[in-house]
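Chain and residue survey
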2 protein chains.
Amino acid sequence: MASLSMVSLGQNADKPPLHIAISEKLKAQIEAGRYEPGARLPSEFDLGETFGVSRTTIRRAIANLTQQGLVTTQRGKGIFVSGRQKISFSMSNPLMQFDVALREQGHMGRVQSLRFQLVDASPEVVRKLALSSQSAQVYWQEKIIYAGDCPVALEIDYFPQQLGETLAQPLQQGFTYSTLSMNGIQLNGAKVSLEGVPATYELSEYLAVPLGMPLLVFNYVAYCGDRRPTICGQTLSRSDWTCYTSEFEL
Amino acid sequence: MASLSMVSLGQNADKPPLHIAISEKLKAQIEAGRYEPGARLPSEFDLGETFGVSRTTIRRAIANLTQQGLVTTQRGKGIFVSGRQKISFSMSNPLMQFDVALREQGHMGRVQSLRFQLVDASPEVVRKLALSSQSAQVYWQEKIIYAGDCPVALEIDYFPQQLGETLAQPLQQGFTYSTLSMNGIQLNGAKVSLEGVPATYELSEYLAVPLGMPLLVFNYVAYCGDRRPTICGQTLSRSDWTCYTSEFEL
DNA sequence: TAGTGGTCTAGACCACACG
DNA sequence: GTGTGGTCTAGACCACTAC
């Protein structure tokens, strides 16, 4: 039966494994429009019969597609073709105006605070915020950013103690940049970096993605006045939802 | 036997699946330093005995770690803890000076040309390079960028026909920015965006990563003179090797 | 109740690395 | 040859969705 599958897939038997051959074939069908975004694929059982392989192999092939962000699975329902346009964020602002960008691009932005507490600053935060070692306590905030019903990012911020106390309530209820801006704190510069990481198990639970899915990490230290570090942190966003843009003149 | 495993892992049986519990446990051990970067983990067989589960489940747990970039596997050899520092690229330059950044950070940069050919420009390239529809042919280049022996990025560039013809040889042998610079073409601006994507099967082969591993996509259109679009393209880099940095003043 | 995807098992065979 | 990870099978049971 295996040999039949290999023949029917037009492979010379030994090059790519069966699960790859099958996932590539399904991928081609999806991209050719045989399955529209949102459409349901045949069940694992049916796919197994179609390709003449075991359910395990089909599941491996589907896992390949999931890892490439092409399909999502729902227990009890089926396998569905995913398709979504990304939300763009301009990097030229030191702190993303997530709420503005979300609204402009047709999504209802919302935050859910996970924690907001005073902690000892890590050496890294002490360095980034240029804290004196005495006042080495900062407010540590984690919140999830939603676009509509979908969690798109986990934001982690560190605020100097006084700032965190003053703005404790609004910071837990709203978007960071807007909250600071509305309370008279104008940021005028930032040092940022952008990298990619695979979702850990914990992050995959928060952001409702499969383990290992690519996340974008936006690290920043934002300044007030004469390059006085004011807040720092990072935003981990689902890369299937987000994109950062910028322009440069030399 | 399964219940014994669950007890020994200290789980209340129903919350996380076994393969997650095991991969999280191994992850904790790795992060606690029980296994140094580069060290070999016990074989799948031994791990299966240790945790009292089947090889399939151990393989699933190892796959979880692989997807999180914590370990790599080598057929016939074993499972190894990965660990590497990222190479930083400044975004402030319109085109990454990959060679300079690599050299400064202790790596030998090298390129391998995959293709360099004249093709009909896609509508997107026509738009980005502001081509007149008549001269809608461009040189399409794809090359792999190595840091030492390790492929770290796939660069895709589109050059206007005349530029491609003039610099055909050096562009295939060297880094794009340096080549242009050495031949009197000074770029002075760029529109860029940065996103994350999971590696497709094809990309995973080029870049020697598992399918689905996060890649950073640096899209750019670079300008000469008075915002005259000169080249465009994208760099897909392994996110376990690369990081982009920038600074902003408002 | 029927159908779906999620988990897990036990076992087979293969390809590769190393001694 | 021995040990390793890679592929694939056949089958069991569970949890969830829908009717």
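Placed above this text is the structure.
Residues numbered from 1 in each chain as written. Chains lettered and ligands numbered in written order. Predicted model: local features only at pLDDT ≥ 70, side-chain atom pairs only at ≥ 80, totals over all residues. Heavy atoms only, no water.

1. What about the sheet that holds strand S9 (residues 228-238) of chain A?
The strand order across the open sheet built from 8 strands is S4(A)-S5(A)-S6(A)-S9(A)-S8(A)-S7(A)-S10(B)-S3(B), with neighbouring strands paired in mixed fashion. Every other strand in the sheet has two partners, leaving strand S4 (109-120) of chain A together with strand S3 (87-90) of chain B as the edge strands with one partner each. Pairs of neighbouring strands in the sheet enclose a mean axial angle of 20°, with direction left out of account. Bridge analysis of strand S8 (residues 214-224) of chain A against S9(A) gives 10 bridges, and the strand direction is antiparallel. Residue pairing in the sheet places A:Phe218 in a bridge with A:Thr235 of S9(A). (Pairing = 2+ DSSP bridges. Helix = DSSP H or I, 4+ residues; strand = E, 2+ residues; numbered from the N terminus. Axes fitted to C-alpha atoms, helices over the stretch in contact; angles between N-to-C directions.)

2. Describing the sheet that holds strand S9 (residues 228-238) of chain B
Sheet strands pair via backbone hydrogen bonds, and the direction of the pair is either parallel or antiparallel. Strands sit in the order S3(A)-S10(A)-S7(B)-S8(B)-S9(B)-S6(B)-S5(B)-S4(B) across an open sheet of 8 strands; the sheet is mixed. Whereas interior strands pair on both sides, the edge strands pair on one side only; in this sheet they are strand S3 (87-90) of chain A together with strand S4 (109-120) of chain B. Taken over all neighbouring pairs, the strand axes of this sheet differ in orientation by 20° on average, direction set aside.

3. As for the interface of chain B and chain A
In this complex, chain B contributes 43 residues to the contact, which on the side of chain A involves 43 residues. Approximately 3,700 Å² of surface area, both sides summed, lies buried where chain B meets chain A, with 57% of it carried by carbon and sulfur atoms. The tally of links between chain B and chain A comes to 4 salt bridges. Among the ionic pairs, A:Glu247 bridges to B:Arg227, the shortest N-O distance being 3.7 Å. Where chain B packs against chain A, one counts 12 residue pairs in polar contact (both at pLDDT 80 or more). Looking at the side of chain B that touches chain A, the elements that each hand over two or more residues are helix H2 (18-31), helix H4 (55-67), strand S7 (187-198), strand S8 (214-224) and strand S10 (242-249) of chain B. Across the side of chain B that touches chain A, the residue classes tally to 19 nonpolar, 16 polar and 8 charged. By the bridge criterion, 6 bridges tie strand S10 (residues 242-249) of chain A to S7(B) in an arrangement that is antiparallel. (Contact = heavy atoms within 4.5 Å. Buried area = accessible area lost by both parts, 1.4 Å probe. Salt bridge = Lys/Arg side-chain N within 4 Å of Asp/Glu carboxyl O. Polar contact = N/O pair within 3.5 Å; in protein donor to acceptor, adjacent residues only side chain to side chain. Nonpolar A, V, L, I, M, F, W, Y, C, P; charged D, E, K, R; others polar.)

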